[in-house]
Every structure is written in C-alpha cells, then in structure tokens.
Amino acid sequence: MKKSSHRSGMAIWGWPSLVGLLSGVGLVSGLFSDGGVGDVLAGVCLAVPVAVGAWFGWMRRGAAAGSR
C-alpha cells in the first residue's frame, strides 16, 4: 500500500513564485529605470531566471546522458 505524501503549498510553489516575482521586479525596473541602480537591479533580477533555467536544463541533459 502506498503512503500518500502531502506537501504544503509553500513547499510546492515557493521557488516558482520567487522566480516569478524576481522576473516581474526585473522587468518593471528595466522599464522604468534610467540608468544606475535600476539597471543593475533589472540585470540581476532577470539573470536569476535565466541562470535557473540554464542550470536545470544542464542537469536534465546530464541525467539523460548518464542513462545511456
């Protein structure tokens, strides 16, 4: 018999929500900033989702290569 595991909503949606929030902050900051700190904030906030996507894409590719 399988034991059902219940995970809280924060455990499931916490990280995706954070990445979405950072994307939104980066986009708004890039749209309304005129150089300086706003551009740096936009660059950092928009680099995080790209880095996360690249990281998990690389991990998936590595796992697929390891299963051959």
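In this numbering scheme, every chain counts its residues from 1 along its sequence in written order. Only residues with pLDDT of 70 or above have their local features reported here, since the model is predicted, and side-chain atom pairs are shown and tallied only from 80 upward, although totals for entire chains, interfaces and linings are computed over all residues. Side-chain measures were taken over the full set of non-hydrogen atoms in the model, leaving aside hydrogen atoms and water.

Draft legend 1. Quick peek at the overall build of the chain. By the criteria applied, helices consist of DSSP H or I runs no shorter than four residues and strands consist of E runs no shorter than two, each listed in order from the N terminus. In terms of regular secondary structure, the chain is built from 2 helices and 0 strands. Expressed as a percentage of the 68 residues in the chain, the buried residues total 10%. We call a residue buried when its accessible area falls under 20% of the maximum for its residue type, exposed when it is over 50%, and partly exposed in between, using a 1.4 Å probe and counting protein chains only.

Draft legend 2. Seen up close, the packing of aromatic side chains. Put simply, two rings from Phe, Tyr or Trp (the six-membered ring, in Trp's case) pair if the centres are within 6.5 Å, and we call them stacked under 30 degrees between planes, edge-to-face over 60, tilted for the rest. Counted according to the given criterion, the structure contains 1 aromatic pair. Judged by centre distance (5.5 Å) and plane angle (45°), the rings of W55 and W58 are tilted. On the criterion of helical spacing, the pair formed by W55 and W58 is a turn pair, its members being 3 residues apart in helix α2 (residues 37-66). Note on W55: relative accessible area 46%, which makes it partly exposed.

Draft legend 3. Quick look at a nonpolar patch on the surface. A cluster of nonpolar side chains, contributed by W15, L18, L21, V25 and L41, occupies part of the molecular surface with about 510 Å² of accessible area. Take the nonpolar patch: its biggest share by element is 4 residues, from helix α1 (residues 9-32). Along the chain, the position of L18 falls in helix α1. A relative accessible area of 37% places L18 in the partly exposed class. The residues that make up patches have over 30% relative accessible area and no salt bridge, and they are joined within 9 Å when like-charged or within 5 Å when they are Val, Leu, Ile, Met, Phe, Trp or Tyr. In these tables, accessible area is a Shrake-Rupley quantity obtained with a 1.4 Å probe, and a residue counts as shielded only by the protein chains included in the view. A carboxyl oxygen of Asp or Glu within 4 Å of a side-chain nitrogen of Lys or Arg is what we treat as a salt bridge.

Draft legend 4. The arrangement of α1 in detail. For α1, spanning 24 residues, the distance from its first C-alpha to its last is 33 Å, which sits close to the expected 34 Å at 1.5 Å a residue. When we look at burial in α1, the residues that qualify are G14, S23, G26 and S29. Given a helix with a known number of residues, its expected span is that number minus one, times 1.5 Å.

Draft legend 5. Fine view of the side chain of S29. Looking at where S29 falls in the secondary structure, it is placed in helix α1. Assessed through its relative accessible area of 12%, S29 is described here as buried. Sequence-distant contacts of S29, defined by excluding residues within four places in its chain, comprise G38, L41 and A42. We call two residues contacting when some pair of their heavy atoms lies within 4.5 Å.

Draft legend 6. Geometry of the environment of L27. Here L27 is to be found in helix α1. Separated by 18 residues in the primary sequence, L27 and C45 place their C-alpha atoms 8.2 Å from one another.

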